[in-house]
Amino acid sequence: MKKLIVLAALALAACSTSPEAATAQFDDEQQSDISCLKHQDQTPGETYFDEGNWDTVVSLSILRYYTSNGTKPYCDGKEATAADQGWRRLYVRMGADQTNLR
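Residues numbered from 1 in each chain as written. Predicted model: local features only at pLDDT ≥ 70, side-chain atom pairs only at ≥ 80, totals over all residues. Heavy atoms only, no water.

- In the nomenclature of an unreviewed UniProt entry, the chain corresponds to Lipoprotein from the organism Lentzea miocenica.

Below you can see the structure in the form of structure tokens.
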């Protein structure tokens, strides 16, 4: 039943997405329990920063990921990339606590 609810929410989100909606994909590492962060492959576009474009499913994924893992190091030992910094800025823009980030 839980999977059905998640699938229904995803389908609803896909139907309600506007043509101008952001196209970059946030990788939440399948919400796994992780010991280190992988770098994001894509940078969020400016449309992500417009509250009118915030998708509940995507927003909750970003909030959960960085709240749980934001203080962990990157697996390659390097600093955050420009793409990582973009998602982190969005996390804070959504009202999350900056102290959850490394």
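## Topic: the pattern of salt bridges
Here's step 1: Going through the model one piece at a time under the given rule, you end up with one salt bridge.
Here's step 2: A salt bridge links Asp27 to Lys38, with the nearest nitrogen and oxygen atoms 2.7 Å apart. Here the residue Asp27 occupies a position in the loop between α1 (2-16) and α2 (56-69), and Lys38 occupies one in the loop between α1 and α2, the gap between them amounting to 11 residues.
Here's step 3: Residue class for Lys38 comes out partly exposed when judged on its relative accessible area of 32%. (Salt bridge = Lys/Arg side-chain N within 4 Å of Asp/Glu carboxyl O. Helix = DSSP H or I, 4+ residues; strand = E, 2+ residues; numbered from the N terminus. Buried < 20%, exposed > 50% of the residue type's maximum accessible area, 1.4 Å probe, protein only.)

## Looking at the environment of Tyr74
Here's step 1: Within the secondary structure, Tyr74 is located in the loop between α2 and α3 (82-93).
Here's step 2: Residue Tyr74 is classed as buried on the basis of its relative accessible area of 7%.
Here's step 3: Spatially, the C-alpha atom of Tyr74 lies 9.0 Å from that of Ser35, the residues being 39 residues apart in sequence.
Here's step 4: Contact partners of Tyr74, with chain neighbours within four places excluded, come to Cys36, Leu37, Lys38, His39, Glu79, Ala80, Asp84 and Arg88. (Contact = heavy atoms within 4.5 Å.)

## A word on the nonpolar core
Here's step 1: Core analysis: the largest hydrophobic core is formed by 16 residues, its most contacted members being Ile62, Tyr66, Trp87 and Leu90.
Here's step 2: Every element with two or more residues in this core is listed here: α2 and α3.
Here's step 3: When residues no more than four places from it in sequence are discounted, the contact partners of Trp87 are Ala24, Gln25, Phe26, Gln40, Gln42, Thr43, Pro44, Tyr48, Ile62 and Tyr66. (Core = buried A, V, L, I, M, F, W, Y, C linked by side-chain atoms within 4.5 Å.)

## Looking at the packing of aromatic side chains
Here's step 1: Across all of its chains, the model carries six aromatic pairs by this definition.
Here's step 2: Put simply, the rings of Phe26, Tyr48, Tyr65, Tyr66, Trp87 and Tyr91 pair up and form one aromatic cluster. (Phe/Tyr/Trp six-rings, centres within 6.5 Å; stacked < 30°, edge-to-face > 60°.)

## Examining the side chain of Asn69
Here's step 1: With respect to the helices, strands and loops of the structure, Asn69 is situated in helix α2.
Here's step 2: Side chain to side chain, Asn69 and Lys72 meet in a polar contact 2.8 Å long.
Here's step 3: In this view, Asn69 contacts Ile34 and Leu37; residues no more than four positions away in its chain are not counted. (Polar contact = N/O pair within 3.5 Å; in protein donor to acceptor, adjacent residues only side chain to side chain.)

## Some points on the packing of α2 against α3
Here's step 1: Between α2 and α3, the least distance of the axes is 10 Å, while the angle of their chain directions is 105 degrees. If you check the angle between α2 and α3, you find them roughly perpendicular. Of α3, the residues touching α2 (which contributes Ile62, Leu63, Tyr66 and Thr67) are Asp84, Trp87, Arg88, Leu90 and Tyr91.
Here's step 2: Along the lines of polarity and charge, the residues of the contact of α2 with α3 split into six nonpolar, one polar and two charged. (Axes fitted to C-alpha atoms, helices over the stretch in contact; angles between N-to-C directions. Parallel < 35°, antiparallel > 145°, perpendicular 65-115°, else oblique. Nonpolar A, V, L, I, M, F, W, Y, C, P; charged D, E, K, R; others polar.)

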